[in-house]
Amino acid sequence: MINRRTFSKALGLGTGAAATSLAGLQGIPTASATPRTGTRTPVVPTVRPGTHTSFPSLKRVRAGLLDIGYAEAGPARGPVVICLHGWPYDIHSFVDVAPLLAARGYRVIVPYLRGHGTTRFLSPRTFRNAQQSAVALDIVALMDTLRIERAVLAGFDWGSRTADIIAALRPERCTALVSVGGYLVTNLEANLQPLAPQAEHAWWYQYYFATERGRLAMEDTVKRHDLARLVWDTVSPTWNFDDATFERTARAFENPDHADIVIHNYRWRLGLADGERHYDHLERRLAARPVIEVPTITLDADRDPFTAPGDGSSYRDRFTGPYEHRTLRGIGHNLPQEAPTAFAQAVVDVDHF
């Protein structure tokens, strides 16, 4: 995203005993990154965006601090792909991607992140924490509960950040990575520095959420709905989606914790809200900008206002394993839903590195 390369270099992690599950940082590799060798991989058939409007299977499972709602497609014993959405989006960002991957034999898991859709906190006493490490630990807990040892992690926005963290700190759980926007691990200290005015302008809602007015707007169901629609319109300027497409996702914002999670996420990134102390050791590791050694494809959307110039050069050094970068022309921020075939092809390709 825009300067998420510089604006988001240091994230945060989960809570309690679960925090230890990300603590096993592997040795930093010294090998230089290498491009894909050109081995032949299956070609994903082209699908028109919006071909699918729902998932065949919606499930729930208790994992870590949450009762996680998720969609599932494909064979139960297939290699696993976990697709991770961002804000203001939900699992429908992958409604066309999932059947493409399922048809290639993958078991596709698409969870609602905390504060979205049918995902709920198990306890009313749990702090509604949305620092980056907490969200990443949710996905590790989901994998543990579903007995998924390894998976291809693929995401955008909050989902890219979450996948990047797991790939960096728990590479043994990540077969490969598809990350829209590149290396999005947040660095809280770096986030204190202003960006170029054009970049700051695109982040208007982040600063709005730092105010009491912004919090009240997110707690108002009508204003929250309209704000999310405005974000969709501005960050995906070439995507000709209809009202029904937005409304399917907007239902995910009716989650009782949605406002608290979104407000905390953006305030935490700006240093305006505290995380939880028992994640501090994980945040320190992330602040050091750990490299990602697993096979990776990074995707940029050239009509996304959050895409930094340089064709991925600003984060290239963070990926030290097999690597490829792709820029999608005429595509905006919600890349998986706007360009499902290209996203699914990246998943298949990186799995064959």
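Further up the page is the structure itself.
About the criteria used
Position numbers for residues start from 1 in each chain and track the written sequence from start to end. Local features in this predicted model are restricted to residues whose pLDDT is 70 or higher, and side-chain atom pairs enter the listing and the counts only when it is 80 or higher, whereas totals over whole chains, interfaces and linings include all residues. Excluded from the side-chain calculation are hydrogens and water; included are all heavy atoms of the structure. The secondary structure listing takes helices from DSSP runs of H or I that are at least 4 residues long and strands from runs of E that are at least 2 residues long, numbered from the N terminus. Any residue under 20% of the maximum accessible area for its type is buried, any over 50% is exposed, and the rest in between are partly exposed; the area is computed with a 1.4 Å probe on protein chains only. Throughout this description, a polar contact denotes any pair of N or O atoms lying within 3.5 Å of each other; where both atoms belong to protein, one of them has to be capable of donating a hydrogen while the other can accept it, and for residues adjacent in sequence the pair is counted only when both atoms sit in side chains. When DSSP locates at least two bridges between a pair of strands, those strands are taken to pair. Only Phe, Tyr and Trp rings are paired, with Trp represented by its six-membered ring, and only when their centres lie within 6.5 Å; those with planes under 30 degrees apart are stacked, over 60 edge-to-face, the remainder tilted. Geometrically, a charge over a ring is one whose NZ (Lys) or CZ (Arg) sits within 6 Å of the ring centre while staying within 35 degrees of the ring normal.

Student: I would appreciate a short explanation of the side chain of Arg326 in the present structure.
Tutor: Within the element layout of this structure, Arg326 appears in strand 9 (residues 323–328). Residue Arg326 is classed as buried on the basis of its relative accessible area, which comes to 17%. Within the structure, Arg326 has its side chain in polar contact with the side chain of Asp349 (distance 2.7 Å).

Student: What's the story with the pairing of strand 1 (residues 58–63) in this structure? I'm lost.
Tutor: Relative to strand 2 (residues 66–73), strand 1 runs antiparallel, the two sharing six bridges. Each residue of the ladder has a partner; that of Ala63, found in strand 2, is Leu66. Hairpin connection, strand 1 to strand 2: the antiparallel pair is bridged by two residues, and Gly64 has positive phi, about 60 degrees.

Student: Please explain unusual backbone geometry as it appears in this structure.
Tutor: Glycine aside, the phi torsion of most residues is negative, and most peptide linkages are trans. Of note, the amide linkage connecting Trp87 to Pro88 takes the cis form, showing an omega dihedral of 0 degrees. Counting through the fold element by element, Pro88 comes out in the loop between strand 3 (80–84) and helix 2 (97–103). For Asp157, which is not glycine, the phi torsion reads 60 degrees and is therefore positive. Its location among the elements puts Asp157 in the loop between strand 6 (151–155) and helix 4 (158–169). Residue Asp157 is classed as buried on the basis of its relative accessible area of 1%. We note that Arg289 has phi near 55 degrees; this positive angle belongs to a residue other than glycine.

Student: Whenever I open this one, the packing of aromatic side chains confuses me. Can you help?
Tutor: Each aromatic ring pair is characterised by the separation of its centres together with the angle its planes make. All chains considered together, the criterion is met by 24 aromatic pairs. Note on Trp87 and Phe209: the rings are 5.5 Å apart at their centroids and 75 degrees apart in plane angle, and the pair reads as edge-to-face. A residue pair is termed long-range when its members are at least 10 positions apart, and Trp87 in the loop between strand 3 and helix 2 and Phe209 in the loop between helix 6 (204–208) and helix 7 (212–219) qualify at 122 residues. When its relative accessible area of 2% is taken as the criterion, Trp87 is described as buried. Centroid distance Trp232 to Phe241: 5.1 Å. Interplanar angle 80 degrees. Geometry classified as edge-to-face. Members of the aromatic cluster, each reached through a chain of ring pairs, are Trp87, Trp158, Trp203, Trp204, Tyr205, Tyr208, Phe209, Tyr266 and Phe306. Stacked on the ring of Phe246, the Lys or Arg Arg229 has its end atom at 5.5 Å from the ring centre.

Take it as geometry only, folks, not as evidence of what the structure does.
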